[in-house]
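Fold and contact review
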Amino acid sequence: MAATASRGISIKKSSEAEKIFNFSPERLKAPFALRCAAISIDYILLLAFPVGWLTLARLLGDTGSASIGTTVWLLGLLLFFANFLILPRSRGQTIGKMLTGLTIVNVDGTKVKIDGLVRRNILGYFLTVMTLGIGFLIAAFNSTGRSLHDFVAGTVVIRGRKILR
């Protein structure tokens, strides 16, 4: 964990995996405003490809209706998977979380596996959208700082840059 996250946590290394004792999500929970900033950065990046493509098409003289081609959709999809599944699996962070100093971990403080990330970032975000954002606002009002997608996946977002390997 980062310097702010390492107080009061002891780590025992064994041959099979590292274990965290006395992990408390309540003490390390990410502030709601930072979570909002992180998700905003992530979605700005996702929207940059199609918006940039349409802007570039207009600037280069496309007088007809500019459309988003298959290549741009493919690049956007690859960015989505890289940012919401691959980076969090390897680092515990999306690009937005890297810039804001937040990390996704399991509720016991261990690294999130790919199935947990799929539940969190695909199913959980879908449920949050279906509740018109109320699933995300839950984080502002509960003591653990967990949103609906965190409850679905058994994760928590903490303030700290380093996770256990």
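This text goes with the structure placed above it.
Description of the structure in this document.

Parameters and conventions
Residues numbered from 1 in each chain as written. Predicted model: local features only at pLDDT ≥ 70, side-chain atom pairs only at ≥ 80, totals over all residues. Heavy atoms only, no water. Phe/Tyr/Trp six-rings, centres within 6.5 Å; stacked < 30°, edge-to-face > 60°. Helix = DSSP H or I, 4+ residues; strand = E, 2+ residues; numbered from the N terminus. Buried < 20%, exposed > 50% of the residue type's maximum accessible area, 1.4 Å probe, protein only. Salt bridge = Lys/Arg side-chain N within 4 Å of Asp/Glu carboxyl O. Expected span 1.5 Å × (residues − 1). Bend = angle between axes of the 7 residues up to and from the residue.

Digging into the packing of aromatic side chains
Here the distance between the centres and the angle between the planes together describe a pair of aromatic rings. Scanning the entire structure with this criterion turns up 5 aromatic pairs. On the numbers, 5.6 Å between centres and 80 degrees between planes, the contact of Phe80 with Phe81 is edge-to-face. Both rings, one in Phe80 and one in Phe84, keep their centres 5.0 Å apart while their planes meet at 35 degrees; by these two values the pair is tilted. One end of the pair, Phe80, and the other, Phe84, are both in helix H3 (residues 70-91), 4 residues apart, so they sit about a helical turn from each other. Residue class for Phe84 comes out buried when judged on its relative accessible area of 0%. What links up through ring pairs into an aromatic cluster is the set Tyr43, Phe80, Phe81, Phe84 and Tyr125.

As for the pattern of salt bridges
For the structure shown, the criterion picks out 3 salt bridges. In this structure, Arg119 engages Asp115 in a salt bridge whose closest nitrogen and oxygen atoms are separated by 3.6 Å. Here Arg119 pairs with Asp115, and both are found in helix H5 (residues 114-130), just 4 residues apart, close to one helical turn. You can call Arg119 partly exposed: its relative accessible area is 34%. Residue Arg120 pairs with Asp150 through a salt bridge whose shortest N-O separation is 2.9 Å. With Arg120 in helix H5 and Asp150 in helix H7 (residues 148-153), this pair connects stretches of sequence that are 30 residues apart. Accessibility assignment for this pair places Arg120 and Asp150 in one class, buried.

Description of helix H2 (residues 32-59)
A rise of 1.5 Å per residue sets the reference length of H2, with its 28 residues, at 40 Å; its end C-alpha atoms lie 39 Å apart and thus fit the reference within 8%. For H2, the principal kink sits at Ala48 and spans about 35 degrees; a proline, Pro50, occurs within the next four residues. The complete set of buried residues in H2 reads Arg35, Ala38, Ile39, Asp42, Leu46, Pro50 and Ala57.

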